[in-house]
Each structure stands twice: as structure tokens, then as C-alpha cells.
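# Structural description and commentary
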Amino acid sequence: MRIPALVIILVLIGILSSNCTFRNTTGIPADTIVLTTEEADYIMNFLTDFLVFSEEGKLGMPDRGFPKQFYLYDKDTVISLGEMLSLFFQLQSYEAKATKQPFFIPKQQVFSFVDSASNPQEAYELSLQGKIPKRIAGETLQNYTYKMLVGENVNYNYKIPDLNIKEKVIKISFTFDIESGRYVSDASGITISPCKDDNYSLGLEEDEKVCDNPSYMAWMSPRDNKIIYTQYPYPQVSGILGFNVILNYSERYGIPITNFIVKKDIVAFNILDKELVDRARLLVKKGLFEVGSHTRYHTHLGFVDEELAKKELKESKLFLEEFFNTTVFGFRAPYLSILNDDDMHVKALLEANYSYSSDSIKYVGKVPGHDFFNKPWNTKKYTAYMSPNEFREMMVEKEYIITLDHPWNMAYQDGNILVEEPNLIDNHRAIVLTAISNGGIPVLLRDLNLSKS
Ligand SMILES: [Zn+2]
């Protein structure tokens, strides 16, 4: 008799503790999205950074408070604020019970507010039934969330947006031209040859040091005299600081990025900070980092002779494919230069086995008669120099967005002489956070088909 009684008790406990939510054998309720630890981190990192950037006044006024939604790229899933908060309570609840797995969010759940929960476990159970408490353990949801995620007590007095927004408003491809310093035309009269000192030629083999042909082996900007960035020599410091931020977007939020890379500069990064390049390699492996070519030496395709330009297209692709163990599909020309004319340009890229360009030629989208696409940058201003509000407004006007930034413009002002501007680093991140909260769907440029959905 003792065994059946125990079974009955266990069944009753099971029913009571599940709060009438059906659970399978793994303890995960049915109809849920199961998340890896990494995915749960992406969502919580996004929520945390959004709260901090709001509090610090870095987001546009209409965006401050809680994010409206998050986009989980590897599952192609929009996560509503209600789902984010449910996951947050789950983490809180697991912490209280010293358990860590499994992470999941209820699928198709419609969320509404209830008055209060006495502790995070109760808030979590309520959230599984679609109820988000406005107060937890005597504190407002806003203050409680901020305190637990950021570790500070502030009066986080923002209104909370709708809990159920899940919108795919616009596809955005965040693209970067990865280079150190700024490659400026020799007509500027201030540009510095790679042979001026060892720092300017870092990344080149002896037999690559061509120093009298800036159209082929490009020359670079000097920097301003007021210096706070001293972590690496100039010009590489301007590339490495920005590249670190760019990688961080993929590492911290799991969002995809497309990078058109100059060989000489990535080799220099690898000499000065191998760990940085290893981080990029890991992201390539995870499918979050698309490698595109920006030539080996930032060659101006319109100013060098045709054969040399064609060789550059091929050699840079071969180098990057081996260096990153990947396939290179896309190309962006240095200075947005054009090899001869638009059709010759496309023909040369096809011959070098590229599938698309991101250049300023007359074609946008599929090039007639060829299995080849041109996907030009369409924001006209580097993202780091826009305001979050300006970016959000642009999301309403356009059918898709292809951004363009360089590592240097993430931390320096525009101009032929690079002047440090540390605020830009956070401004760029504020735009990424704003874009995703407002329904921006980040995609690799190779996957963007230039139509809205
Ligand atoms: Zn460039």
C-alpha cells in the first residue's frame, strides 16, 4: 500500500508545482522555445545594455526604458518584451534555486500585467501563464529589473512598452570596411606612405613594400596630436579599437556582421593582437561574421592598370578564404572606385568568382543577364555619425538598410587627419540597440535580397 500512496503524492505534487502547465519529461513545458545558454545570454545582454544606455541618456528620448523586442538571429525569431522578462524571471528563479538549466521561453504566449509577485520564483510562474507582475518583492518591475541586471539601485522611472510586440520591420545589414587609419587620396597632400616608418608598413612582406604608387599600395592618414588611445601604435590603434567593438556586437548579442577586409590591415592586427583575430575566426565559424574583400592594399581600381586591378580582386579573395577558412562572396571597392566602367567592373568581379558587390555602380539588385548582384551602401552617412533618432526615422522610410562604417570612424571624427572622439563608440552601439528594439532584422549582406521581406 505504501508505494501507490507515494505515487499519488508525487503526482499531486507534480500537478501543483506545474501550475497546470503541461510538462514533458525534461521539465520543460510544452509549446516553448528552448534556448542554449549562449542564446539566453544574448537576450539578457541586450536587455541589460538597453537599460544602461537608457539610464545614461544615450538612446533617443522615445526609446528610453525597456526595449520593445529582440531579434534572435540564429533561430530567426523575434523575442517580445514579455518573453524577455519571462526569461529574466526564469534566470532569477534558477539563481534562487542554484540551478542553471534549461532555458526556455513560452511560445505564442500573450502577456498582460498583474499587480505583484512576492518573489522572483512567483514572478516566473506567473510569466509562464502570460502574467508579468508590475511589482516584485515590493519594488517596481523597472527598479527590480535594473537592480538585478545592472547591479545598481536607481529610480528607473520609465513607462513599459507593450509586452507583445514582435515585428519584422526592416532588414538591416551592418557592414564594415576593416582597415587601420583612414586611406586618403594622395591629392590631400598629407597622406603618409607605408615606407615612412615601420608602423605604416606593418602587415607587408619585404617584397610587398611598393611605396611610390599610392593608387596601388594606398597611403594613410596622420593623426591629430591629442592622443588618449595608446594601447597600440598608430595607425593600427584606430583599426583595432573599432574592430573590437564590431566583434563585440556578434559576441554579445549574436547579431550577424559583414566585413570587407584589407589584407595588409588584418595581417597587422594579427601581429599586434592575435587574440582579436582569433575572436573574428570563431565568429566566422559560427556564421555570424561574413568575410568580404576590400583588396589587399586598398587599391584604387580606377587608377591602376586593368590587369593589376583584376589581379587584386583575385588575390585578395584567395588570401581571405585561406586566412579565415571560409568562402568570400562579396566585394567592396576601396574609395568606392570602379574598374574601368560599370559593366567591366561587374565582368571582372564575375571572373574573380564573386557573387555580389557593394559598390557605387548603376545597378542595384540583380545585374541584368548575370547571376550577380550589387548591394550598395544606402545610408549616405556613416552610422556612428547619426543620432539614434535619425536612424530610427530612416527605418520607417527605407525598404532595407545597408550601413557602412570603418573601425576608425567608430572612435574618430571624419576628416583627413584622424581626431579622437570616444563618444562615437557608444553612439554606434546606441544605434544598434535602437534598431533591434524597433524591429530591425540584422542579416549578413550576402543573404540580403534587397526586398523588404
Ligand atoms: Zn576602404
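Residues numbered from 1 in each chain as written. Predicted model: local features only at pLDDT ≥ 70, side-chain atom pairs only at ≥ 80, totals over all residues.

## Side note on the sheet that holds strand S6 (residues 131–136)
Within the open sheet, the 3 strands sit side by side as S5-S6-S7. Their pairing is mixed. The sheet terminates laterally at strand S5 (112–117) and strand S7 (139–140), the two strands that pair on one side only. (Pairing = 2+ DSSP bridges. Helix = DSSP H or I, 4+ residues; strand = E, 2+ residues; numbered from the N terminus.)

## Considering the environment of Leu59
Here Leu59 shows up in the loop between helix H2 (37–55) and strand S2 (69–72). When residues no more than four places from it in sequence are discounted, the contact partners of Leu59 are Phe53, Ser54, Arg64, Pro388, Ala430, Leu433 and Thr434. (Contact = placed C-beta atoms within 7 Å.)

## Notes on the environment of Ile402
Within the fold, Ile402 resides in strand S16 (residues 400–402). For the pair Ile402 and Ser358, spaced 44 residues apart in sequence, the C-alpha separation works out to 9.2 Å. Non-local contacts of Ile402, meaning those with residues more than four positions away in its chain, are made with Ser173, Thr175, Ser358, Lys375, Pro376, Trp377, Asn378 and Leu445.

## Considerations on the domain arrangement of the chain
The domain boundaries assigned to the chain delineate domain 1 (21–166) and domain 2 (171–447). Of all the secondary structure elements, the ones that give two or more residues to the side of domain 1 that touches domain 2 are H2 and S2. (Domains from an automatic or database assignment.)

## Here we look at unusual backbone geometry
Of note, the bond from Tyr234 into Pro235 is cis; its omega dihedral lies within 30 degrees of zero at 10°. Its identity is not glycine, yet Asp76 carries a phi of approximately 45°, on the positive side. Here Asp76 shows up in the loop between S2 and strand S3 (77–80). Positive phi is not limited to glycine here, since Asn353 has a value of about 75°. Among the residues examined, Asn353 registers 14 C-beta atoms within 10 Å and is labelled partly exposed. (Buried ≥ 20, exposed ≤ 12 C-beta atoms within 10 Å, placed from the backbone.)

## Describing the sheet that holds S16
One open sheet holds the 3 strands; their spatial order is S16-S8-S17, and the pairing between them is parallel. Whereas interior strands pair on both sides, the edge strands pair on one side only; in this sheet they are S16 and strand S17 (440–442). The average angle at which neighbouring strand axes cross in this sheet is 25°, direction not considered. Sheet topology note: the strand S8 (residues 170–173)/S16 ladder contains 3 bridges and is parallel. (Axes fitted to C-alpha atoms, helices over the stretch in contact; angles between N-to-C directions.)

## Let's talk about the nonpolar core
Generally speaking, soluble globular proteins have nonpolar side chains that are buried together. In this structure, Ile43, Phe46, Phe70, Met84, Leu87 and Ile257 are the most contacted members of the largest nonpolar core, which totals 113 residues. The leading source of residues in this core is helix H7 (residues 236–253), at 9 residues. Residues lining this core come from more than one domain, with at least three contributed by each of domain 1 (21–166) and domain 2 (171–447). Beyond its immediate stretch of four places on either side in the chain, Phe46 contacts Pro67, Phe70, Tyr253 and Ile436. Judged by nonpolar contacts, the second largest core, of 8 residues, contains Tyr183, Ala218, Trp219 and Tyr297. (Core = buried A, V, L, I, M, F, W, Y, C linked by C-beta atoms within 7 Å.)

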